[in-house]
Amino acid sequence: MIDTRDARRAIAGLLLATGAPAPGELELAADRLRALGWPPLDAGDHARETPEALAPRIPRALHADVLSLLYELAGDEPIRRRIADAYAGLWHAGSPAAPAAPRRGSALTRWLIGPLPHHQVGGTSQEDAMIERGTPYRGGELAAPGPAAERTPLRHRVERIQAEFHRVVAAVEQVIVGKRDVIERVLTAMAARGHVLLVDAPGVGKTQLCKAIACAIATRFGRIQFTPDLLPLDITGANVFDIRDKQFHFRPGPIFTHILLADEINRATPKTQSALLEVMEERGATVDGTTHAVEEPFSVLATMNPLDHQGTYALPAAQIDRFMMMLEIGYPTPEDEVRVLDYHLGATPPLAALQPVISRASFIEWRDTVPHIHVSPEIKRTAVDYVHGLRRTSEAGASISPRATLAWVRAAQARAMLSGREFVTAEDIMAVAPDVLRHRMWSDGATVRERLRAIAMAGTHGAQGGRR
């Protein structure tokens, strides 16, 4: 007896990729599963897992039936078609069951989906044009079965970026032991052109993490130790009079770097903290009426000690909102802490031996690729509905701005890209939600998840009440 559990999870994951499936889609899936002699989908199957994780676990004997059903359930929905294509490519057989030619859909459906993707600014790229011309999920003719699924230039780029991402994570893990998840989330925010606020106890590796990332990516690293006597000009730089030529010359401050560590940011006065507002948002600093742009890539990685509040100043809401994510590193497990001793008690500290694994130009390509990751209209609407639900139920002091919505979806694009996909799923949205929203809601990750779950349930019940 072949276990069909993973196969059913793949089918449920495809239906959940664009939000809650319609009742008719669930009924269609149940009919097709019964025809195969399989049990219908149940609550245990409704878990979102990526094709990369599920495909190797599905027995080869089920590949043809699963792929045929995936393409049938995907229909004209581009995100679902891409998931089905991903399974076909991972099984190295193109389309084993020669799925039926994709339906073109009604004119209304094509108008709603629109050209793919047009969410980025700057028109249609070469990758987009190829996606529009020849892939089955855009209503084109399905290519003849071959040894592998056709890869577009965008697909090649995403695969290369994913490999580079794994190399960077592995390099940073030589310094930061047992915190792979934290490293991946910091890199996700940086790839999305975001800034990160690391809030944790002293000595858990916040500064070492920032330095290790800068070493692994071959970028310049700058550090500002925030203290109460620090002045704004100590951060941005100043015009200095040169007595030799009797002119003022701009002397750049430490913000003119690639990766800036703002250490203990809450120990500086609000006036000094405000010196970061412009550069974090507009990538430039204005001194004496002249704006000086910072060089790309630019990211601020700030640290804050949540335990010792003596001599600190609360971060203003405007500054909090400019951080894409707030993260905690946490204490290592006993086994990992033993490895920390093994690594760091040697003659050569791991950070000193760390060498760049990708170039600065490669990391800039990460950032340039993120806007090309497709976000379907349904995913965008889901994110906006969640944000409006949070605003209606927010407590005093919480502020979820449109900047937060943009940061949320942009972080989901970066996560999808670093996972090896050219499209965003509902799983990406929910995975980055706690990190992006918690500091804007003055809450923790678990509370954010509960609030989102409550909003989803309220929306489901409201829709059912409207149908009745």
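Since the structure is predicted, the reported quantities are computational estimates derived from the model, not experimental observations.

### Description of the side chain of Arg440
Argument step 1. By the secondary structure assignment, Arg440 is in the loop between α20 (426–437) and α21 (445–467).
Argument step 2. With a relative accessible area of 2%, Arg440 lands in the buried category.
Argument step 3. A distance of 3.1 Å separates a polar side-chain atom of Arg440 from the backbone oxygen of Phe323.

### Focus: a nonpolar patch on the surface
Argument step 1. Taken together, the side chains of Phe241, Ile243 and Phe248 define a hydrophobic patch exposed on the protein surface, amounting to about 370 Å² of accessible area.
Argument step 2. Relative to the helices and strands, Ile243 resides in the loop between β3 (237–242) and β4 (247–252).
Argument step 3. Among the residues examined, Ile243 registers a relative accessible area of 62% and is labelled exposed.

### Digging into helix α8 (residues 153–172)
Argument step 1. If you check α8, its first and last C-alpha atoms are 29 Å apart, about what 20 residues at 1.5 Å a residue would give, namely 28 Å.
Argument step 2. The set of residues buried in α8 consists of Leu154, Arg155, Arg157, Val158, Ile161, Glu164, Phe165, Val168, Val169, Ala171 and Val172.

### Side note on empty space enclosed by the protein
Argument step 1. Applying the stated criterion across every chain, the model contains one cavity of 30 Å³ or more.
Argument step 2. Estimated volume of the largest cavity: approximately 120 Å³.
Argument step 3. Along the walls of the largest cavity sit 16 residues, with Gly13, Glu49, Ile83, Thr425 and Glu427 positioned nearest its centre.
Argument step 4. Within the residue set of the lining of the largest cavity, elements represented by two or more residues are α1 (5–16), α3 (51–54) and α5 (78–90).

### Details of the environment of Arg449
Argument step 1. Within the element layout of this structure, Arg449 appears in helix α21.
Argument step 2. A residue is classified by how much of its surface remains accessible, and Arg449, at 45% relative accessible area, is partly exposed.
Argument step 3. The sequence separation of Arg449 and Leu437 amounts to 12 residues, and the corresponding C-alpha distance is 9.9 Å.

### Some words on the confidence of the model for the protein
Argument step 1. Summarising the model, the protein shows a mean pLDDT of 80, and 83% of its residues fall at 70 or more.
Argument step 2. Low confidence marks residues 93–149, where pLDDT is under 50. Its contacts with residues over four positions away, or in another chain, come to 92 contacts.
Argument step 3. For residues 461–468, every residue scores under 50 in pLDDT, and the model assigns this stretch zero contacts once sequence neighbours within four places are set aside.

### Concerning the packing of aromatic side chains
Argument step 1. According to the stated counting rule, one finds six aromatic pairs in the structure shown.
Argument step 2. Ring centres of Tyr87 and Trp91 lie 5.5 Å apart, and the angle between their planes is 45°; on these two criteria the pair is classed as tilted. Taken individually, Tyr87 and Trp91 each receive the classification buried, so the pair is uniform in this respect.
Argument step 3. An angle of 45° between the planes, with centres 6.2 Å apart, marks the rings of Tyr386 and Trp408 as tilted. Note that Tyr386 is positioned in helix α18 (residues 377–392) and Trp408 in helix α19 (residues 402–418), a separation of 22 residues in sequence. Accessibility classification places Tyr386 together with Trp408 in one group, the buried group.
Argument step 4. Grouping aromatic residues by their ring pairs yields a cluster made of Phe165, Phe363 and Trp366.

### Some details on helix α13 (residues 275–282)
Argument step 1. Along α13, the positions that sit buried rather than exposed are Ala275, Leu276, Val279 and Met280. End-on view of α13: buried residues confined to an arc of 100°, all on one side of the axis.
Argument step 2. Next to the buried residues of α13 lie α11 (232–236), β5 (259–263), α12 (270–273), β6 (284–287), β8 (299–304) and α14 (317–320).
Argument step 3. Arg283 sits one or two positions beyond α13 and adopts a positive phi of about 55°.

### Things to note about the packing of α19 against α20
Argument step 1. Closest axis-to-axis distance for the α19/α20 pair is 8 Å, and the angle between their directions is 130°. Our classification of the angle between α19 and α20 gives oblique. α20 is crossed by α19, and the crossing has right-handed handedness. Judged by residue contacts, Ala404, Ala407, Trp408, Val409, Ala411, Ala412, Arg415 and Ala416 of α19 engage Glu427, Asp428, Ile429, Ala431, Val432, Ala433, Val436 and Leu437 from α20.
Argument step 2. A per-class count over the contact of α19 with α20 returns 13 nonpolar, no polar and three charged.

### A look at the nonpolar core
Argument step 1. Among the nonpolar cores identified, the biggest contains 70 residues, and Val186, Leu209, Trp366 and Trp408 are the most heavily contacted of them.
Argument step 2. At 10 residues, the largest contribution of residues to this core is made by α19.
Argument step 3. The contacts of Val186, once residues within four sequence positions are left out, are Val196, Leu198, Leu209, Ile213, Leu301 and Leu327.
Argument step 4. Residues Ala12, Leu54, Leu67 and Leu73 belong to the second largest nonpolar core, which totals 29 residues.

Cut-offs applied
Throughout, residues of each chain are indexed from 1 in the direction in which the sequence is written. Owing to the predicted nature of the model, reporting of local features is limited to residues with pLDDT of at least 70; listing and counting of side-chain atom pairs is limited to 80 or more, with chain, interface and lining totals taken over all residues. As a convention, hydrogens and water are excluded, and side-chain values are obtained from all of the structure's heavy atoms. Runs of E in the DSSP output that reach at least two residues are strands. Runs of H or I that reach at least four are helices, and both are numbered from the N terminus. Residue burial is assigned from relative accessible area. The probe radius is 1.4 Å, only protein chains are included, and a residue is buried under 20% of its type maximum, exposed over 50%, and partly exposed in between. For this analysis, a polar contact is any N or O atom pair within 3.5 Å, provided that within protein one partner can donate a hydrogen and the other can accept it, and provided that sequence-adjacent residues contribute only side-chain to side-chain pairs. Only residues whose relative accessible area exceeds 30% and that take part in no salt bridge are eligible for patches, with like-charged residues grouped when within 9 Å of each other and nonpolar side chains (Val, Leu, Ile, Met, Phe, Trp, Tyr) grouped when within 5 Å. To be clear on the numbers: accessible area is Shrake-Rupley with a 1.4 Å probe, and residue cover counts the displayed protein chains and nothing else. When a carboxyl oxygen of Asp or Glu lies within 4 Å of a side-chain nitrogen of Lys or Arg, that pair is called a salt bridge. For a helix, the expected span equals 1.5 Å multiplied by the residue count minus one. Cavities and pockets were defined on a 1 Å grid built over protein atoms only: a cavity is a set of grid points that admits a 1.4 Å probe from which the probe cannot escape, a pocket is an open set flanked by protein on both sides within 12 Å along at least five of seven lines, and lining residues are those with an atom within 4 Å of any such point. Grid points are joined across faces, edges and corners, and a volume is the space filled by probe spheres set on the points. Every residue carries a pLDDT, the predictor's confidence in it, which falls somewhere between 0 and 100. Two residues qualify as a contact provided that any one of their heavy atoms is within 4.5 Å of a heavy atom in the partner residue. Working definition: a ring pair exists when centres of Phe, Tyr or Trp rings (six-membered ring for Trp) sit within 6.5 Å. Plane angles under 30 degrees give stacked, over 60 give edge-to-face, the rest tilted. The directions from the helix axis to the C-beta atoms form the arc being described. The angle between two axes is taken between their N-to-C directions and runs from 0 to 180 degrees, where each axis is a line fitted to C-alpha atoms and a helix contributes only its stretch in contact. Comment on the angle field: the value is read as roughly parallel under 35 degrees, roughly antiparallel over 145, roughly perpendicular from 65 to 115, and oblique elsewhere. Each crossing gets its hand from how the near helix is turned against the far one by less than a right angle, where anticlockwise is left-handed and clockwise is right-handed. Nonpolar residues are Ala, Val, Leu, Ile, Met, Phe, Trp, Tyr, Cys and Pro. Charged residues are Asp, Glu, Lys and Arg, and all others, Gly as well, are polar. Only buried residues count toward a nonpolar core. Its members are Ala, Val, Leu, Ile, Met, Phe, Trp, Tyr and Cys residues joined through side-chain atoms within 4.5 Å.

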